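Each chain is listed here by its residues.
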Amino acid sequence: MDEERRGPARRRAQGQLEAQVLAALRAAPGPVTAGWVRERLGATLAYTTVITILTRLQGKHAVTRERVGRSFTWTAASDEAGLAAHRMRRVLDGESDREAVLASFVSGLTDQDERLLRALLRRTEDVPAEHGTVPAPSPQGPPAAGPPESPAGLPEGRGR
């Protein structure tokens, strides 16, 4: 009867639950248990579902866990952007022609996203390889200086 009033259960969008779990972990006062995460998500999920999501996030290096007694505490090691970047790398790694995939991706970018990507690539040229991170873009976006050069062989004009 309850099922009839609420209608059929709706599926979450792919990655939505992972994003919610990460958001809860980032809002946590420190390392927390899966039970704490479950409570923050409204306790409508099964405990085992929360454990499964946390374990999958750990496999993606988005969270870390530490044994405390007979249980674990969990901490966010990444944000939604880091998780999305991991998914993008996984898709790219699954393709045999990386160059074609990247070229197709770049050719589909908006002008604004292309300028942002070029600015990020220029910044990585200035970052020593051992750091392995890219500085966050400024809120104003990339500088609007003349036509951008072509780092890493990105196509200049795409006929827009």
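Residues numbered from 1 in each chain as written. Predicted model: local features only at pLDDT ≥ 70, side-chain atom pairs only at ≥ 80, totals over all residues. Heavy atoms only, no water.

K.L.:
Could you give an account of helix α2 (residues 16-27), with specific residues and numbers?
P.N.:
For α2, which comprises twelve residues, the first-to-last C-alpha distance of 17 Å matches the rise-based estimate of 16 Å (1.5 Å per residue) to within 8%. All buried positions along α2 are accounted for by Leu17, Glu18, Val21, Leu22, Ala24 and Leu25. Looking straight down α2, one finds its buried side chains confined to an arc of 160°; they lie on one side. Check the buried side of α2 and you find it contacts α3 (34-40), α4 (47-59), β1 (63-68), β2 (71-76) and α5 (80-93). (Helix = DSSP H or I, 4+ residues; strand = E, 2+ residues; numbered from the N terminus. Expected span 1.5 Å × (residues − 1). Buried < 20%, exposed > 50% of the residue type's maximum accessible area, 1.4 Å probe, protein only. Arc of directions from axis to C-beta. Contact = heavy atoms within 4.5 Å.)

K.L.:
Residues and numbers for the pattern of salt bridges, please.
P.N.:
For the structure on display, the rule yields four salt bridges. We note a salt bridge from arginine 98 to aspartate 93, for which the minimum N-O separation is 2.8 Å. Judged by relative accessible area, aspartate 93 falls into the exposed class, the value being 52%. (Salt bridge = Lys/Arg side-chain N within 4 Å of Asp/Glu carboxyl O.)

K.L.:
Kindly report on the nonpolar core, identifying the contributing residues and their values.
P.N.:
In terms of nonpolar packing, the biggest core is built from 19 residues, with Val21, Leu25, Val37, Leu54 and Leu57 touching the most fellow members. Residue assignment for this core shows that the elements contributing at least two residues are α2, α3 and α4. Ranked by residues supplied to this core, first place goes to α2 with five residues. Excluding residues within four positions of it along the chain, leucine 25 makes contact with Val32, Val37, Leu54, Val63, Trp74, Thr75 and Ala76. (Core = buried A, V, L, I, M, F, W, Y, C linked by side-chain atoms within 4.5 Å.)

K.L.:
Quick rundown of the packing of aromatic side chains? Include the residues and the values.
P.N.:
Enumeration over the complete set of coordinates arrives at one aromatic pair. On the basis of an interplanar angle of 55° and a centroid distance of 6.3 Å, the ring pair of phenylalanine 72 and tryptophan 74 is categorised as tilted. For tryptophan 74, a relative accessible area of 2% translates into the label buried. The ring of phenylalanine 72 carries the charged tip of arginine 65 above its face, separated from the ring centre by 4.0 Å. (Phe/Tyr/Trp six-rings, centres within 6.5 Å; stacked < 30°, edge-to-face > 60°. Lys NZ or Arg CZ within 6 Å of the ring centre and 35° of its normal.)

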